[in-house]
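Take a look at the letters that make up each chain.
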Amino acid sequence: MQIKSAIVDIIRQMNSVLEQIAPQDYRKTLPEFEGGSLGQHFRHILEFFQCLEIAAYKGIVDYAARERNLLYEEHPNLTIEAFESFAAEMANIDVDMPLNVRAEFSGGERPLYQSTIGREMLFVYDHAIHHLAIIKIGLICHFPQIKSEKDLGVSPSTIIARKAKSS
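Described in the following lines is the structure provided in the data block. (Residues numbered from 1 in each chain as written. Predicted model: local features only at pLDDT ≥ 70, side-chain atom pairs only at ≥ 80, totals over all residues. Heavy atoms only, no water.)

## With respect to the pattern of salt bridges
Applying the stated criterion across every chain, the model contains seven salt bridges. For E149, the salt bridge is made with R12, and the minimal N-O distance between the two is 2.7 Å. Within this pair, whereas E149 is found in the loop between α6 (117-142) and α7 (156-166), its partner R12 is found in helix α1 (residues 3-18), the two being separated by 137 residues in sequence. Residue class for E149 comes out partly exposed when judged on its relative accessible area of 35%. According to the relative accessible area criterion, R12 is partly exposed, its value standing at 42%. (Salt bridge = Lys/Arg side-chain N within 4 Å of Asp/Glu carboxyl O. Helix = DSSP H or I, 4+ residues; strand = E, 2+ residues; numbered from the N terminus. Buried < 20%, exposed > 50% of the residue type's maximum accessible area, 1.4 Å probe, protein only.)

Okay, structure coming up:
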């Protein structure tokens, strides 16, 4: 599977969960998240994708300069639409395109590092998996009626290792 296919698949998994979440549950603060919500985690994932989409046209990505649009943490239907928009736009993105990444290290100077769109796609994919693992904890603890794929929030290498161990 190539990175674009992997991202489309993870968006499909996220949207499947988002379609089941009532807006009041999406916004509900959860103790496991220290007062955060499912919506905040989905918004965070989405905005990293959006930063990368912008980078495909500007040649620089700055994940710290996210929009932090509160509508995406309050309305799951808007988040679904935004994920679908990103998935559609990926067809136009060249994974080999070079770009610069602006780093953030506790304030001060913000150096640039060279990367490519493909490498950054891998980063936002892994970043999404990390947050989906956290989201899954919230779902299990508070919303067991919401169904997700068994491997939601599990890295591909862990899935492969589990399969090898059970063989």
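## Let's talk about the nonpolar core
In terms of nonpolar packing, the biggest core is built from 46 residues, with I7, M14, F42, F49 and F83 touching the most fellow members. If you list the elements that add at least two residues to this core, you get α1, α3 (38-58), α5 (76-89), β2 (98-102) and α6. In this structure I7 touches F49, F86, M90, M121, V124 and Y125, once residues within four positions along its chain are discounted. (Core = buried A, V, L, I, M, F, W, Y, C linked by side-chain atoms within 4.5 Å. Contact = heavy atoms within 4.5 Å.)

## Examining the packing of α1 against α3
Relative to each other, α1 and α3 sit at 150°, their axes nearing to 12 Å. Taken together, the axes of α1 and α3 are roughly antiparallel relative to one another. α3 is crossed by α1, and the crossing has left-handed handedness. Together, I7, I10, I11, M14, V17 and L18 of α1 and F42, I45 and F49 of α3 make up the contact between the two elements. Residue composition of the contact of α1 with α3, by class: nine nonpolar, no polar and no charged. (Axes fitted to C-alpha atoms, helices over the stretch in contact; angles between N-to-C directions. Parallel < 35°, antiparallel > 145°, perpendicular 65-115°, else oblique. Left-handed = near helix turned anticlockwise from the far one by under 90°. Nonpolar A, V, L, I, M, F, W, Y, C, P; charged D, E, K, R; others polar.)

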